[in-house]
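# Secondary and tertiary structure notes
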Amino acid sequence: MKLILFDIDGTLLTTDGAGRAALRAAGADVFAIEEDLQGVAISGNTDVAIVHEILNKHGIPASEINVNRYLGAYLAHLKQRLAKEPGDVLPGVAVLLDACAQERCIVGLLTGNLRRGAQMKLGAHRLWDRFSVGAFADDNRDRNLLGPIAKRRAEAEFRVPFDQLFIIGDTPRDVACGKVANATVLAVATGRYSRENLAAHKPDFLFDDLSETKAVLGALGFQ
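Now for a look at the structure at hand. All values derive from a computational prediction rather than experimental measurement.

Moving on to the overall build of the chain. Broken down by element type, the chain carries nine helices and eight strands. Taking 17 Å as the expected radius of gyration for a compact globule of 223 residues, we find that the chain reaches 17 Å, a close match to that expectation. Here the C-alpha coordinates of the chain stretch approximately 55 × 35 × 30 Å along the principal axes. The contacts of the chain with a sequence gap of at least 6 include a subset with a gap of at least 24, amounting to 63%. A total accessible area of about 10,400 Å² is found for the chain, and carbon and sulfur atoms account for 46% of it. Averaging the locations of the 26 positively and 28 negatively charged side chains of the chain gives two centres separated by 3 Å.

This is how it looks when you write it as structure tokens:
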């Protein structure tokens, strides 16, 4: 049975910088730091790992308390910003999700977002309920461990083995975590990385965007 896991930012939707703005605002609110995010790995990283990097950058102990304070403020600012500017769903996403539903496969999330952040971003476009299962930054700050977590969670929930795992994302980190999870990786050049850059990381399939519905479905093993 197939399990298809989607990244969110740059793959399903764009928030027009709401996440980055919320990270900067949270740092100012909680730790009185002026964070420009220079030198901080954002794309494809987990929210928890990002906050660890920011705190380390400013010489602030990355204790569980400090990380949680930062993340709590981040989620509050993210909610405010998404209420004003929810961003946009990327090309082909709605059609592809409809096609996957018709094929009766399980569609989930594999994202560096916190679960609550993912719910906010997708909920702004009424997409949250389209996904049955997922793995999030809450589960582990190491993105490479999220694929197996999502697979185990899906198998426990649906009580079936998933012998075909697919991961769809827009960054080299998505490609890397897919390979670690022994998944078929579909990379899409709708985020901050070019088609050429993604190709260098050797995903199994590479698309300009998800509006190439027939080709994407073919890569997923649907005829």
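Within a regular beta strand, the side chains point alternately toward one face of the sheet and then the other, so they alternate between its two faces. Burial within strand S6 (residues 164–169) is extensive, with five of its six residues counted as buried. As paired elements, strand S1 (residues 2–6) and S6 share five bridges and run parallel to each other. Directly across from Leu5, in S6, lies its bridge partner Ile167. In the sheet, S6 pairs with strand S7 (residues 184–188) via four bridges, with the strands oriented parallel. Looking at the pairing, Phe166 lines up with Thr184 of S7.

Let's shift gears to the pairing of S1. Counting buried positions along S1 yields five of five residues, so the element is predominantly enclosed. Residues Lys2, Ile4 and Phe6 line one face of S1 and the alternating positions Leu3 and Leu5 line the opposite face, and both faces are buried.

For the rest of this paragraph, the subject is the sheet that holds strand S4 (residues 106–110). Read from one edge of the open sheet, six strands run S5-S4-S1-S6-S7-S8, paired in parallel fashion. In this open sheet, the two strands that pair with only one neighbour each are strand S5 (133–135) and strand S8 (205–207). Here the strands of the sheet are splayed against their neighbours by 20° on average, with no regard to which way each runs. Of the strand pairs in this sheet, S4 and S5 are connected by three bridges, and their pairing is parallel. Counterpart to Leu109 in the pairing with S5 is Gly134. Sitting on the sheet, helix H6 (residues 146–158) touches S1, S4, S5 and S6, and the angle it makes with S5 is about 155°.

Okay, the environment of Asp138 next. Tracing the chain through its elements places Asp138 in the loop between S5 and H6. Expressed as a C-alpha distance, the spacing of Asp138 and Thr15, which sit 123 residues apart in the sequence, is 20 Å. If we skip the residues at most four places from it in the chain, Asp138 touches Asn113, Leu114 and Arg115. A distance of 2.6 Å separates a polar side-chain atom of Asp138 from the backbone nitrogen of Arg115.

Scanning all chains against the criterion turns up zero disulfides. For the unlinked cysteine Cys105, the closest cysteine sulfur is that of Cys100, found at 4.4 Å. Cys100 supplies the cysteine sulfur nearest to Cys177, a cysteine that is in no disulfide, at a spacing of 18 Å. Exposure remark for Cys177: the relative accessible area of 0% places this residue in the buried category.

In this section: the side chain of Lys121. Along the chain, Lys121 falls in helix H5 (residues 115–123). A polar contact of 3.0 Å, which involves the side chain of Lys121, links it to the side chain of Asp9.

To continue, consider unusual backbone geometry. One non-glycine residue, Asp16, lies in the positive phi region at around 55°. Looking at the secondary structure, you find Asp16 in the loop between strand S2 (13–14) and helix H1 (18–31). In this model, Lys202 sits at a positive phi of 60°, which is unusual for a non-glycine residue. For Lys202, the position within the fold is in the loop between helix H8 (195–199) and S8. With a relative accessible area of 63%, Lys202 lands in the exposed category.

Reading the values: rules and limits
- Residues numbered from 1 in each chain as written.
- Predicted model: local features only at pLDDT ≥ 70, side-chain atom pairs only at ≥ 80, totals over all residues.
- Heavy atoms only, no water.
- Helix = DSSP H or I, 4+ residues; strand = E, 2+ residues; numbered from the N terminus.
- Rg over C-alpha atoms; globule rule 2.2 N^0.38 Å.
- Contact = heavy atoms within 4.5 Å.
- Areas by Shrake-Rupley, 256 points an atom, 1.4 Å probe, with all protein chains shown as cover.
- Lys, Arg positive; Asp, Glu negative; His and termini not counted.
- Charge placed at Lys NZ, Arg CZ, Asp CG, Glu CD.
- Buried < 20%, exposed > 50% of the residue type's maximum accessible area, 1.4 Å probe, protein only.
- Pairing = 2+ DSSP bridges.
- Axes fitted to C-alpha atoms, helices over the stretch in contact; angles between N-to-C directions.
- Polar contact = N/O pair within 3.5 Å; in protein donor to acceptor, adjacent residues only side chain to side chain.
- Disulfide = S-S within 2.5 Å.

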